[in-house]
Amino acid sequence: MKKVNTLFCVCIFVFFSSLLSEASQIDFGWSIPENILHNKDSEGEKKYIIWFYSIKNTTDKEILVPVETFLTTDTEKNYEDKFIEEVVSAVTKEDKEYMRAKDMKGEFGPGVTKKGVALFEDIDPYAQKINIFVTGLSHFFFWRWRMVDYSYKITYKKSGNTWVLVEHGFSKDTSHRNYSDWTNRMGN
(Lines give C-alpha, C1' and ligand atoms only; values in the text may rest on other atoms or scores of the structure.)
Protein backbone atom coordinates (compact mmCIF):
# COMPACT_ATOMS: atom_id res chain seq x y z
CA MET A 1 0.00 0.00 0.00
CA LYS A 2 2.90 2.34 0.77
CA LYS A 3 4.29 1.78 -2.75
CA VAL A 4 0.92 2.68 -4.26
CA ASN A 5 0.77 5.93 -2.24
CA THR A 6 4.32 6.79 -3.23
CA LEU A 7 3.59 6.06 -6.89
CA PHE A 8 0.43 8.17 -6.67
CA CYS A 9 2.39 11.10 -5.15
CA VAL A 10 5.06 10.84 -7.86
CA CYS A 11 2.38 10.84 -10.59
CA ILE A 12 0.72 13.92 -9.08
CA PHE A 13 4.12 15.68 -8.85
CA VAL A 14 4.91 14.89 -12.51
CA PHE A 15 1.46 16.05 -13.61
CA PHE A 16 1.70 19.40 -11.80
CA SER A 17 5.30 19.89 -12.91
CA SER A 18 4.20 19.54 -16.52
CA LEU A 19 1.45 22.12 -15.92
CA LEU A 20 3.93 24.54 -14.41
CA SER A 21 6.38 24.09 -17.28
CA GLU A 22 3.56 24.59 -19.79
CA ALA A 23 2.75 27.95 -18.20
CA SER A 24 6.26 29.20 -19.01
CA GLN A 25 6.22 28.22 -22.70
CA ILE A 26 5.33 31.75 -23.71
CA ASP A 27 6.00 35.30 -22.67
CA PHE A 28 2.85 37.37 -22.91
CA GLY A 29 3.12 41.13 -22.60
CA TRP A 30 0.60 43.92 -23.07
CA SER A 31 0.08 47.65 -22.84
CA ILE A 32 -2.50 49.82 -21.13
CA PRO A 33 -5.42 50.42 -23.51
CA GLU A 34 -5.58 53.88 -25.06
CA ASN A 35 -8.62 55.87 -26.13
CA ILE A 36 -8.17 57.28 -29.60
CA LEU A 37 -10.29 59.47 -31.83
CA HIS A 38 -9.99 58.92 -35.57
CA ASN A 39 -11.04 61.55 -38.14
CA LYS A 40 -11.57 64.09 -35.37
CA ASP A 41 -14.06 66.88 -36.09
CA SER A 42 -15.43 65.25 -39.23
CA GLU A 43 -18.53 63.27 -40.14
CA GLY A 44 -16.45 60.10 -40.05
CA GLU A 45 -15.26 60.65 -36.46
CA LYS A 46 -14.95 57.34 -34.59
CA LYS A 47 -13.85 56.46 -31.06
CA TYR A 48 -11.68 53.43 -30.45
CA ILE A 49 -9.79 51.67 -27.72
CA ILE A 50 -6.47 50.38 -29.02
CA TRP A 51 -4.51 47.74 -27.13
CA PHE A 52 -1.06 46.32 -27.96
CA TYR A 53 0.30 42.94 -26.91
CA SER A 54 3.05 40.48 -27.76
CA ILE A 55 3.43 36.72 -27.58
CA LYS A 56 6.80 34.96 -27.62
CA ASN A 57 7.48 31.23 -27.85
CA THR A 58 10.15 30.60 -25.21
CA THR A 59 10.66 26.94 -26.11
CA ASP A 60 12.94 25.24 -28.59
CA LYS A 61 9.92 23.61 -30.26
CA GLU A 62 7.27 24.92 -32.60
CA ILE A 63 3.95 25.54 -30.82
CA LEU A 64 0.42 26.32 -31.94
CA VAL A 65 -1.12 29.49 -30.47
CA PRO A 66 -4.77 29.89 -31.50
CA VAL A 67 -4.99 33.44 -30.13
CA GLU A 68 -8.17 35.52 -30.16
CA THR A 69 -9.02 38.75 -28.34
CA PHE A 70 -12.34 40.08 -27.05
CA LEU A 71 -13.48 42.93 -24.84
CA THR A 72 -16.43 43.05 -22.43
CA THR A 73 -17.67 45.95 -20.32
CA ASP A 74 -19.32 46.24 -16.92
CA THR A 75 -22.39 47.44 -18.87
CA GLU A 76 -22.65 43.91 -20.32
CA LYS A 77 -21.58 44.80 -23.85
CA ASN A 78 -19.23 42.63 -25.93
CA TYR A 79 -16.76 43.64 -28.62
CA GLU A 80 -14.55 41.69 -30.99
CA ASP A 81 -11.28 43.21 -32.09
CA LYS A 82 -11.08 44.86 -35.48
CA PHE A 83 -8.17 45.72 -37.68
CA ILE A 84 -8.69 48.94 -39.58
CA GLU A 85 -5.44 49.58 -41.44
CA GLU A 86 -5.92 53.36 -41.63
CA VAL A 87 -6.45 53.67 -37.85
CA VAL A 88 -3.68 51.26 -36.84
CA SER A 89 -1.19 52.86 -39.25
CA ALA A 90 -1.90 56.33 -37.86
CA VAL A 91 -1.22 55.16 -34.30
CA THR A 92 1.75 52.84 -34.97
CA LYS A 93 3.46 55.25 -37.39
CA GLU A 94 3.00 52.62 -40.10
CA ASP A 95 5.02 50.00 -38.17
CA LYS A 96 4.06 46.86 -40.12
CA GLU A 97 5.08 44.50 -37.29
CA TYR A 98 1.67 44.72 -35.62
CA MET A 99 -1.00 42.28 -36.70
CA ARG A 100 -4.49 41.32 -35.66
CA ALA A 101 -5.13 38.11 -33.74
CA LYS A 102 -6.57 36.35 -36.80
CA ASP A 103 -3.28 36.85 -38.65
CA MET A 104 -1.15 36.13 -35.59
CA LYS A 105 -2.72 32.79 -34.67
CA GLY A 106 -1.05 29.61 -35.75
CA GLU A 107 2.47 28.27 -35.63
CA PHE A 108 5.10 30.02 -33.52
CA GLY A 109 8.61 28.78 -34.23
CA PRO A 110 11.22 28.51 -31.46
CA GLY A 111 11.98 31.96 -30.03
CA VAL A 112 9.48 33.71 -32.35
CA THR A 113 7.79 36.87 -31.06
CA LYS A 114 4.68 38.29 -32.70
CA LYS A 115 3.24 41.73 -31.95
CA GLY A 116 -0.50 42.15 -31.92
CA VAL A 117 -2.93 45.03 -31.89
CA ALA A 118 -6.60 44.92 -30.96
CA LEU A 119 -8.89 47.75 -31.93
CA PHE A 120 -12.31 47.99 -30.29
CA GLU A 121 -14.82 50.39 -31.83
CA ASP A 122 -17.46 52.55 -30.12
CA ILE A 123 -17.09 51.21 -26.59
CA ASP A 124 -20.05 52.08 -24.37
CA PRO A 125 -19.23 55.55 -22.93
CA TYR A 126 -20.87 54.55 -19.62
CA ALA A 127 -18.50 51.63 -19.10
CA GLN A 128 -16.35 52.06 -16.00
CA LYS A 129 -14.58 48.69 -16.29
CA ILE A 130 -13.41 46.70 -19.28
CA ASN A 131 -12.14 43.14 -19.48
CA ILE A 132 -9.87 42.12 -22.31
CA PHE A 133 -9.82 38.37 -22.88
CA VAL A 134 -7.05 36.59 -24.75
CA THR A 135 -7.66 32.96 -25.63
CA GLY A 136 -5.23 30.36 -26.94
CA LEU A 137 -2.46 30.93 -24.40
CA SER A 138 -2.67 27.40 -22.97
CA HIS A 139 -2.78 23.82 -24.34
CA PHE A 140 0.09 24.45 -26.77
CA PHE A 141 1.03 20.88 -27.57
CA PHE A 142 -2.35 19.26 -27.04
CA TRP A 143 -4.76 21.97 -28.24
CA ARG A 144 -7.83 20.76 -30.15
CA TRP A 145 -10.60 22.77 -31.80
CA ARG A 146 -13.40 23.61 -29.35
CA MET A 147 -11.36 22.42 -26.37
CA VAL A 148 -12.18 24.47 -23.27
CA ASP A 149 -9.37 26.97 -23.07
CA TYR A 150 -8.80 29.14 -20.06
CA SER A 151 -8.74 32.73 -21.17
CA TYR A 152 -6.28 35.28 -19.92
CA LYS A 153 -8.43 38.08 -18.51
CA ILE A 154 -7.09 41.58 -17.99
CA THR A 155 -9.35 44.02 -16.16
CA TYR A 156 -9.01 47.80 -16.32
CA LYS A 157 -11.06 50.54 -14.67
CA LYS A 158 -11.66 54.01 -16.00
CA SER A 159 -9.79 56.83 -14.33
CA GLY A 160 -10.63 60.11 -16.05
CA ASN A 161 -9.84 59.53 -19.74
CA THR A 162 -7.40 56.68 -19.13
CA TRP A 163 -7.54 53.05 -18.07
CA VAL A 164 -5.85 51.63 -14.97
CA LEU A 165 -4.93 47.96 -14.53
CA VAL A 166 -7.02 46.27 -11.83
CA GLU A 167 -6.12 42.59 -12.16
CA HIS A 168 -5.01 39.93 -14.61
CA GLY A 169 -4.67 36.17 -14.83
CA PHE A 170 -6.18 33.03 -16.28
CA SER A 171 -9.95 32.87 -15.92
CA LYS A 172 -12.70 30.31 -16.45
CA ASP A 173 -15.04 33.13 -17.52
CA THR A 174 -16.31 32.19 -21.00
CA SER A 175 -18.93 34.89 -21.50
CA HIS A 176 -16.93 36.36 -24.39
CA ARG A 177 -16.86 32.92 -26.07
CA ASN A 178 -20.64 32.72 -26.14
CA TYR A 179 -20.76 36.10 -27.90
CA SER A 180 -18.11 35.05 -30.43
CA ASP A 181 -19.87 31.77 -31.20
CA TRP A 182 -23.16 33.60 -31.73
CA THR A 183 -21.69 36.23 -34.06
CA ASN A 184 -19.84 33.56 -36.05
CA ARG A 185 -23.09 31.61 -36.55
CA MET A 186 -24.85 34.81 -37.66
CA GLY A 187 -22.16 35.48 -40.25
CA ASN A 188 -20.81 38.69 -38.69
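Residue positions are given per chain, counting from 1 as you read along its sequence in written order. Confidence filtering applies because this is a predicted model: local features only for residues at pLDDT of at least 70, side-chain atom pairs given and counted only at 80 or more, and all residues used for totals across whole chains, interfaces and linings. Excluded from the side-chain calculation are hydrogens and water; included are all heavy atoms of the structure.

(A) Region of interest: the overall build of the protein. Summing up its helical and strand segments, the protein has four helices and 12 strands in all. Taking all 188 residues of the protein together, 39% fall into the buried category. Residues count as neighbours in contact if any of their non-hydrogen atoms are within 4.5 Å of one another. Considering only contacts in the protein between residues 6 or more positions apart, those separated by 24 or more positions represent 67%. Carbon and sulfur atoms make up 55% of the accessible area of the protein, which totals about 11,600 Å². Counting from the N terminus, the helices are the DSSP runs of H or I reaching at least four residues and the strands are the DSSP runs of E reaching at least two. Exposure categories follow from relative accessible area, calculated using a 1.4 Å probe and restricted to protein chains: below 20% of the type maximum is buried, above 50% is exposed, and the middle band is partly exposed. Each accessible area is a Shrake-Rupley estimate made with a 1.4 Å probe; only the visible protein chains count as cover when residues are assessed.

(B) Structural context of the nonpolar core. With 25 residues, the main nonpolar core has Phe28, Trp51, Tyr53, Ile55, Phe120 and Leu137 as its most contacted residues. Taken together, the elements giving at least two residues each to this core come down to strand 1 (26–30), strand 3 (46–57), strand 4 (63–65), helix 3 (101–104), strand 9 (113–121), strand 10 (129–135) and strand 11 (151–159). Broken down by element, the residue count for this core peaks at four residues, all from strand 3. Put simply, buried Ala, Val, Leu, Ile, Met, Phe, Trp, Tyr and Cys residues joined by side-chain atoms within 4.5 Å make one nonpolar core.

(C) Structural context of the pattern of salt bridges. In the sections that follow, a salt bridge refers to a side-chain nitrogen of Lys or Arg positioned within 4 Å of a carboxyl oxygen of Asp or Glu. Scanning the entire structure with this criterion turns up six salt bridges. Residues Lys82 and Glu121 are paired through a salt bridge, measuring 3.6 Å at the closest nitrogen-oxygen approach. Residue Lys82 is found in the loop between strand 6 (78–80) and helix 2 (85–92), and its partner Glu121 is found in strand 9; the two are separated by 39 residues along the sequence. Judged by its relative accessible area of 39%, Lys82 falls in the partly exposed class. Residue classification places Glu121 among the buried positions, given a relative accessible area of 17%. Of the charged contacts in the structure, one is a salt bridge between Asp103 and Arg100, with a shortest N-O distance of 3.2 Å. Asp103 gets classed as partly exposed once you look at its relative accessible area, which sits at 47%. Connected through shared salt-bridge partners, Lys46, Lys82 and Glu121 make up one network.

(D) Inspection of the packing of aromatic side chains at higher detail. Here is the rule: rings of Phe, Tyr and Trp (six-membered ring for Trp) pair when centre to centre is within 6.5 Å. Planes less than 30 degrees apart are stacked, more than 60 are edge-to-face, and the remainder are tilted. As enumerated under the stated definition, the model contains six aromatic pairs in all. Ring centres 5.3 Å apart and planes at 40° place the aromatic pair Phe28 and Trp30 in the tilted group. With a centroid separation of 5.7 Å and 55° between ring planes, the pair formed by Trp30 and Tyr152 is classed as tilted. Placement of Trp30 in strand 1 and of Tyr152 in strand 11 is noted, with a sequence separation of 122 residues between them. Note on Trp30: relative accessible area 26%, which makes it partly exposed. Seen from the ring of Phe108, Lys114 lies directly overhead, with NZ or CZ sitting 4.3 Å from the centre. Charge-over-ring contacts are defined here by two conditions on Lys NZ or Arg CZ: a distance within 6 Å of the ring centre and an angle within 35 degrees of the ring normal.

So, to be careful, I would describe these as geometric facts and stop short of saying anything about function.
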